[in-house]
Amino acid sequence: MAPRLARLSPAYFGLVMATGIVSIAAHQLALDWIAQVLFALNVAFYVALWALNALRIAHHRREFLADIVDHARGPGFFTWVAATAVLGAQCAILATNFRIAWALWGLAVVLWALFTYAIFAAFTVKGEKPPLDSGINGAWLLAVVATQSIAVLSSLLGLNEIAPYKRALNFLALSMWLWGGMLYVWLMALIFYRYTFFRLAPQDLTPPYWINMGAMAISTLAGSLLIVNASGAPLLQSLLPFLRGFTIFYWATGTWWIPMLLVLGAWRYVYMRHPLRYDPVYWAAVFPLGMYAAATHEMSLAMDLAFLAWVPEIFFYAALAAWLAAAVGLAFSLARPAAAAPLRND
């Protein structure tokens, strides 16, 4: 157990992110028994991961702190934020338990502030830094996902609050939505530059590159919820054309990435024959599929785009299949001896 704990990936909360959004997408498609089963599992996953990370901090503090300042592993901590917010959204949508949803919202905001400024400040001031081609990957966009997850949960809570709190929550959701979009532009420019001007080996094309699409999908979901909230919010009402335009812009950008990621995946696994082995970062590929389904469903309702109604179902079943495959991989990984099953994403 000790070697596994020392090597525990900070990105393992991607398991909660993936399970939570597949659950929410199932609820949107009226598959409530799937939604509730995954919700129950997600609560267990969330509690277990907090317990494991608490043990890691207590017994392997040096490795934990080293991860925070590591360019490759540090962004994985943003899964803590997104997982907390996604579970909060599940509590609000599936259990209508807004007290727990509020508590998770508060924790997510604290974690967002802590990791955003700790990680990016550490990356800025550290003396030795990796070159761009080895220092950046799709996992950096987890910072965008974490930011937009705050916007999503704030919008959901804003739908059920009295006027003063509703205005504050909508303003926070709007601010985080805009900040997440700006951060995506910054990071995506660097990632795309790394894609096109540096050699890309099969082992470099890790599953977190699917967050290229997932970050735009959650931005679409956040924008759609802002549009829904606009009916009772004068500020959002005045920005409706902007909200609609940018929400479609985010959705279109995420959609553009899907064929590209499929082509690159075929190149990695089929043409280059890279082995397909379980890794915790594979949850980062499940989450975007589920998020795209949920975001497209919400956007089609918010903007009366009924012709898109077939898309969420296809992507939900793709996400569910990917979730089941990753869950099987996790089960086999836990069954192997500790020395043979590293839980750390290097």
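Preceding this paragraph is the structure being described.
Predicted model only: the values in this text are computed from it and were never measured.

**Some thoughts on empty space enclosed by the protein**
- Counted under the stated rule, the structure contains one cavity of 30 Å³ or more.
- Approximately 170 Å³ is the volume found for the largest cavity.
- Lining of the largest cavity is provided by 20 residues; of these, Ala11, Thr79, Leu142, Pro208 and Ala284 occupy positions nearest its centre.
- Secondary-structure elements contributing two or more residues to the lining of the largest cavity are helix H2 (14-28), helix H8 (142-158) and helix H13 (283-302).
- Among the elements that take part in the lining of the largest cavity, H13 stands out by supplying three residues, more than any other.
- Class assignment of the residues belonging to the lining of the largest cavity gives a composition of 14 nonpolar, five polar and one charged.

**A few points about helix H4 (residues 61-68)**
- Buried within H4 we find Phe64, Asp67 and Ile68. Along the long axis of H4, the arc covered by the buried residues comes to 105°, so they all point the same way.
- Packed against the buried residues of H4 are helix H3 (32-59), helix H5 (78-94) and helix H6 (98-125).

**Considering H6**
- Across its 28 residues, H6 extends 40 Å between first and last C-alpha, which sits within 8% of the 40 Å expected from 1.5 Å per residue.
- Among all positions of H6, only Ala101, Leu104, Trp105, Ala108, Leu111, Trp112, Phe115, Thr116, Ile119, Ala122 and Phe123 are buried.
- Its side-chain oxygen 3.4 Å from the backbone nitrogen of Arg99, Asn97 forms the N-cap of H6.

**Topic: the packing of aromatic side chains**
- What the rule picks out here adds up to 34 aromatic pairs.
- Centroid distance Phe64 to Trp80: 6.1 Å. Interplanar angle 55°. Geometry classified as tilted. Here Phe64, found in helix H4, pairs with Trp80, found in helix H5; they are 16 residues apart in sequence, far enough to count as distant. No difference in accessibility class separates Phe64 from Trp80, as the two residues are buried.
- For the pair Phe242 and Phe246, a centre-to-centre distance of 4.8 Å together with 35° between the ring planes defines the contact as tilted. Within this pair, Phe242 and its partner Phe246 are both found in helix H12 (residues 240-271), separated by four residues, close to a single helical turn.

Conventions used here
- Residues numbered from 1 in each chain as written.
- Predicted model: local features only at pLDDT ≥ 70, side-chain atom pairs only at ≥ 80, totals over all residues.
- Heavy atoms only, no water.
- 1 Å grid on protein atoms, 1.4 Å probe; cavity = no way out; pocket = protein on both sides within 12 Å on 5 of 7 lines; lining within 4 Å.
- Points joined across faces, edges and corners; volume = space filled by probe spheres on them.
- Helix = DSSP H or I, 4+ residues; strand = E, 2+ residues; numbered from the N terminus.
- Nonpolar A, V, L, I, M, F, W, Y, C, P; charged D, E, K, R; others polar.
- Buried < 20%, exposed > 50% of the residue type's maximum accessible area, 1.4 Å probe, protein only.
- Arc of directions from axis to C-beta.
- Contact = heavy atoms within 4.5 Å.
- Expected span 1.5 Å × (residues − 1).
- Polar contact = N/O pair within 3.5 Å; in protein donor to acceptor, adjacent residues only side chain to side chain.
- Phe/Tyr/Trp six-rings, centres within 6.5 Å; stacked < 30°, edge-to-face > 60°.

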